Each structure stands twice: as C-alpha cells, then as structure tokens.
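# Residue-level structure breakdown
Residue strings, one per chain:
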Amino acid sequence: MAHLAAGLARRWCPSSLQVVNFPVVQLHVSLRAMRASHTEFENAMNQVKLLKKDPGNEVKLKLYALYKQATEGPCNMPKPGVFDLISKAKWDAWNALGSLPKETAKQSYVDLVSSLNSSSKSSGQVEPRADSKPPGYETLVVTSEDGITKIMLNRPTKKNAMNPQMYHEIMLALEAASKDESSITVLTGSGDYYSSGNDLTNFTDIPSGGVQEKAKNGAILLRDFVGCFIDFPKPLIAVVNGPAVGIAVTTLGLFDAVYATDRATFHTPFSHLGQSPEGCSSHTFPRIMSPSKATEMLIFGKKLTAREACAQGLVTEVFPDSTFQKEVWTRLKAYAKLPPNAMRISKQVIRNKEKEKLHAINAEECSVLQERWLSDECMNAVVNFLSRKAKL
Ligand SMILES: CCCCCCCCCCC/C=C/C(=O)SCCNC(=O)CCNC(=O)[C@H](O)C(C)(C)COP(=O)(O)OP(=O)(O)OC[C@H]1O[C@@H](n2cnc3c(N)ncnc32)[C@H](O)[C@@H]1OP(=O)(O)O
C-alpha cells in the first residue's frame, strides 16, 4: 500500500482542468483562484511523492478520497465486493465525502499534504544505539545486559502493532535469547503502548492465491509464533508499559510473570473483529481467571484496567506509572542474578506438564481463526478500521 496516494495521483490525475462557464469578470477571478488552487493542488500531488515517512493507510485513503472528490466530484464508482478489501476501503473513503464541493476537497488535499510535510521531520521511533542493535531487527530493539535480554517492540507510531516482519523478528529474537548468556528474557514496548496486537493492514495485501492462501499462511505464522512462547525455556517476563490489545494480551498467559504500569489496559475485542481467541487463551484464561471472567474478555471484549487484570491473575503486579520502570528493572536485575540453570530447570518442570496440551490448543485455535479470517464479520471489521480515519 506504500505511496498509495502518489500512485493513485499518477494514475488518476487528469491532464486537463475542467473549466465551467462563468460570466467574464467572475470567470477571470475564479480562474485565478482555480489556477492558484490548481497550481497548489499540483504541487501538493508532487509533494506526496516526496514524503520521507509513509503517512499510513488512513492518511493515504483520505488523500485518495480528497483527490477523487477534487477532480471528479462525488463518488461515482460502483461499490466493490467485500473481499476486494483495498478497492472497498478506497470506495468507502471517497463515498464518505458525500457532496463536498470540488474546491473544498482541493483545498483540504493541499492542507493535508502541507501538514504531512511539516510533521514528516519528526519521528517517535526509538533509534537504538548502534552497538545495541544486532543486524536484521527492523521492528525490534534487542539488548542484553545484567543477565537480561530485553526484546522491545519498536513500531511506536503504529502502537507497536505486529506485522509479519515483527512476528518473524520476535521469533528470531526469542530463539537467540534461548541460547544466549542471559538468564531471563523480557518483552516490552516502546512508546505509550505495549502493543495494539495484530496489524490490521496484514489483511490487505492479498497474494495471487487469494484470501484462502492468505488465511492459511496466517494460521501457519500464528501457530509458529505462539509455539515459540510455549517452548521458550527460560523465565519470560512481560513488562507491560501501556495498553495491550489482542494477541499482545492473549500471549501473556504463556509468560512466567507479567508486570504492568497502572496506565496499562488489556483488551481482546475478538468478537468485535469477527475473530476468535488465540495464544492458547481459550485454555489459559479460564484457568487463570475463571470461565466467566474469561468469557467477559474473550467473547464480550471487556477491557480490563491493570488492577482488574491483576485481580484476575493475568497480571502479577501493578506499579505506579511514575516509578514503574525503575521498580521493575531493579527487581528483574535481582532475579537475573539467581542461578540460571536452576531457574531454567524449574521453569521446565512447571511448563513441561502441559506443553503438549498447549501445542494442541494452539493448533485448534489457529485452525478456527483461519476460517474466521474468511468471514464477512472479520472482513467488514477490518475494512471499518482501515477506513475509519478517512471519513471526514
Ligand atoms: C488473513 C490474515 C492473516 C494475517 C496474519 C496474522 C497472523 C497473526 C494473527 C494473530 C491474531 C491476532 C489478533 C489480534 O491481535 S486482534 C486485535 C487487533 N488490534 C486491534 O484491533 C487494534 C486496532 N487499533 C485500534 O483500535 C487503535 O489504533 C488503538 C485503540 C490501538 C489506538 O487508538 P489511538 O486513537 O490512540 O491511536 P490511532 O488509532 O491513531 O493509532 C496510531 C496509528 O497506529 C495505527 N494502528 C494502531 N493499531 C493498529 C493495528 N492494530 N493495526 C494497524 N494499524 C494500527 C493506526 O492506524 C494509526 O496509524 P496512522 O497514524 O497511519 O493513522
């Protein structure tokens, strides 16, 4: 979807400007205004192609919609089918502009591009120290010191949403951590979120094999990903630095301890998304918090505060945000000084009792999700999310 608006601008930009019949004086003034706005409009289109930072799908949908409204007026295309996700999202974005006048759409387009230009210089991304970032990690910052390997999700501008690259890199980082010199491993997030779960744009780039192939590959990826947490041999700690959504919440049931700031929330909106539980949560959550509390989260999508999640056993301890990092890392550094083999063997004594069962549960959850991802309920929820910001 990269440079969607720029590509669309190239594809849809008419070479000639429609001139309407005005009385001579008004025509002269209007033409100057239109020339000025048309020149600005053309400049804005060129600036979109030069943006340093991908503005994200919602902004690209809005640019697309404003461009179409400015050049063609109200949406005049037939509504695409529900499986044609990209065309549907574009159609929704354009159609949402209704009868917005062309000149207003043109000015809005110019204003939006100039705001993107002014903000394109800043970035919330954590730039790791050169010596702390091993080759190959683009979505993580992985550091190892004081006997602790820290895996930090590093897509803060996307609330650390997990795209396929991040899933793969987390698996790589866990594999490396299982073999390195550290005695415990920590997963945390950069920015104000722990993670907003699965990146919903994962549903957009449909391969040549169609949505069935996409769903099958997604189920394989998910099964491998969750399997890494089931099999991880060392104490695995979650340092939940902010809100967590979806798979970022369900996999907590496979951690050995979960420490959260009191700012954190825990949300699994699976029914809302037309999906179903994963991360072995269909087994771990009823066991951890009781079947009815698990139902409230996994089926009804109840969002828990950190203290509620702690009361229900999902979170081990909650800390005031002001002292969270200091308190947690002091404690983890102390834990990391304990005899590593004893910790590793003790974890295996605990985990081995149900490792096989967890893998079977993981396989079943992935198989169910593979079907759910093909449902209208899921497709509609994803399209609604992707086009939510394009609606002016
Ligand atoms: C067939 C498909 C197979 C795919 C392969 C998948 C394999 C594994 C699948 C595992 C199953 C996992 C399930 C889940 O995790 S379900 C939960 C999914 N997550 C969500 O539904 C959360 C969606 N995000 C939001 O609701 C909001 O963004 C949030 C409440 C988290 C924050 O809202 P806020 O208003 O504070 O911030 P913004 O919405 O403006 O977000 C900032 C930018 O970040 C983008 N963003 C945030 N979260 C996601 C996300 N999950 N996916 C994609 N993009 C996300 C958001 O769009 C903003 O981007 P822009 O700045 O470009 O607008």
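Residues numbered from 1 in each chain as written. Predicted model: local features only at pLDDT ≥ 70, side-chain atom pairs only at ≥ 80, totals over all residues. Heavy atoms only, no water.

### Points about the sheet that holds strand β9 (residues 317-319)
- With mixed pairing, the six strands of this open sheet are ordered in space as β1-β2-β3-β4-β6-β9. Every interior strand has two partners, whereas the edge strands, β1 (140-145) and β9, have only one. Each adjacent strand pair in this sheet contributes to an overall mean axis angle of 20°, direction not counted.
- Alignment of strand β2 (residues 148-153) against strand β3 (residues 184-189), held across six bridges, turns out to be parallel. Within the sheet, the bridge partner assigned to Lys 150 lies in β3 and is Val 186. (Pairing = 2+ DSSP bridges. Helix = DSSP H or I, 4+ residues; strand = E, 2+ residues; numbered from the N terminus. Axes fitted to C-alpha atoms, helices over the stretch in contact; angles between N-to-C directions.)

### Focus on the pairing of β3
- The buried fraction of β3 amounts to six of the six residues, a majority that puts the element mostly inside the structure.
- Alternating residues of β3 divide into Ile 184, Val 186 and Thr 188 and Thr 185, Leu 187 and Gly 189, and every residue in both groups is buried.
- Regarding topology, helix α6 (residues 164-179) serves as the crossover connection from β2 to the parallel β3, and that connection is right-handed.
- Here four bridges tie β3 to strand β4 (residues 236-240), and the two strands are oriented parallel to one another. Among the inter-strand pairings, Thr 185 is bridged to a residue of β4, identified as Leu 236.
- Chirality of the crossover, the property in question, places the unit of β3, helix α7 (residues 210-231) and β4 among those that are right-handed. (Buried < 20%, exposed > 50% of the residue type's maximum accessible area, 1.4 Å probe, protein only. Right-handed = clockwise from strand over helix to strand, strands pointing away.)

### Some words on the sheet that holds strand β8 (residues 304-305)
- Taken in spatial order, the three strands of this open sheet run β5-β7-β8, and their pairing is mixed. Taken across any chain shown, the strands that pair with only one partner, and hence form the sheet edges, are β5 (244-245) and β8.
- Both strand β7 (residues 265-267) and β8 contribute to a ladder of two bridges, which runs antiparallel. Bridged to Thr 265 within β8 is Thr 305.

### Thoughts on the layout of surface pockets
- Approximately 360 Å³ is the volume found for the second largest pocket.
- Per-element tally for the lining of the second largest pocket: the top contributor is helix α13 (residues 340-351), with six residues.
- Along the lines of polarity and charge, the residues of the lining of the second largest pocket split into ten nonpolar, four polar and five charged. (1 Å grid on protein atoms, 1.4 Å probe; cavity = no way out; pocket = protein on both sides within 12 Å on 5 of 7 lines; lining within 4 Å. Points joined across faces, edges and corners; volume = space filled by probe spheres on them. Nonpolar A, V, L, I, M, F, W, Y, C, P; charged D, E, K, R; others polar.)

### Looking at helix α15 (residues 376-387)
- Between its first and last C-alpha, α15 extends 16 Å over twelve residues, near the 16 Å set by a 1.5 Å rise per residue.
- Turning to α15, its buried residues number three or more, namely Cys 378, Met 379, Ala 381, Val 382, Val 383, Leu 386 and Ser 387. (Expected span 1.5 Å × (residues − 1).)

### Side note on the environment of Glu 365
- Structurally, the position occupied by Glu 365 is in helix α14 (residues 355-372).
- Between the C-alpha atoms of Glu 365 and Leu 332, which are 33 residues apart in sequence, the distance is 32 Å.

### A closer look at α7
- With 22 residues, α7 should cover 32 Å at 1.5 Å per step; its first-to-last C-alpha distance of 32 Å lies within 8% of that length.
- Within the span of α7, buried status applies to Gly 210, Val 211, Ala 215, Gly 218, Ala 219, Leu 221, Leu 222, Phe 225, Val 226, Gly 227, Phe 229 and Ile 230.

### Brief notes about the side chain of Gln 275
- The topology assignment puts Gln 275 in the loop between β7 and α9 (281-289).
- Among the residues examined, Gln 275 registers a relative accessible area of 13% and is labelled buried.
- Of the polar contacts made by the side chain of Gln 275, one reaches the side chain of Trp 373; its length is 2.9 Å.
- Beyond its immediate stretch of four places on either side in the chain, Gln 275 contacts Phe 203, Phe 270, Leu 369, Arg 372, Trp 373 and Cys 378. (Polar contact = N/O pair within 3.5 Å; in protein donor to acceptor, adjacent residues only side chain to side chain. Contact = heavy atoms within 4.5 Å.)

### Focus: unusual backbone geometry
- A positive phi angle, close to 55°, is found at Asn 160, a residue other than glycine.
- If you trace the backbone, Asn 160 turns up in the loop between β2 and α6.
- At Ser 290, a position not held by glycine, the phi torsion is positive, near 90°.
- With respect to the helices, strands and loops of the structure, Ser 290 is situated in the loop between α9 and α10 (291-298).
- The exposure class assigned to Ser 290 is partly exposed, which follows from its relative accessible area of 25%.

### Let's talk about the environment of Arg 331
- Among the secondary structure elements, Arg 331 is positioned in helix α12 (residues 324-335).
- Since its relative accessible area comes to 25%, Arg 331 is described here as partly exposed.
- Measuring from C-alpha to C-alpha, the distance between Arg 331 and His 168 comes to 29 Å, with 163 residues separating the pair along the chain.
- Apart from the residues lying within four places of it in its own chain, the contact partners of Arg 331 are Tyr 259, Glu 317 and Phe 319.

### A word on the pairing of strand β6 (residues 257-261)
- Of all five residues that make up β6, five are buried, and the element is covered over most of its length.
- Residues Ala 257, Tyr 259 and Thr 261 of β6 are buried on one face, and the alternating residues Val 258 and Ala 260, pointing to the opposite face, are buried as well.
- The pairing of β4 with β6 spans four bridges and is classified as parallel. When the sheet's bridge partners are listed, Val 240 is paired in β6 with Ala 260.
- Of the pairings in the sheet, the one linking β6 to β9 comprises three bridges and is parallel in character. Counted as the bridge partner of Tyr 259 is Glu 317 from β9.

### Regarding the confidence of the model for the protein
- Model confidence for the protein is summarised by a mean pLDDT of 85, while 84% of its residues fall at 70 or above.
- Mean pLDDT across the elements of the protein ranges from a minimum in helix α1 (residues 4-12), with 37, to a maximum in β7, with 99.
- Confidence over residues 1-34 falls short of pLDDT 50; this stretch has 46 contacts with residues more than four positions distant or in other chains.
- We note a pTM of 0.74 for the whole complex and an ipTM of 0.98 for its interfaces. (pLDDT = per-residue confidence, 0-100.)

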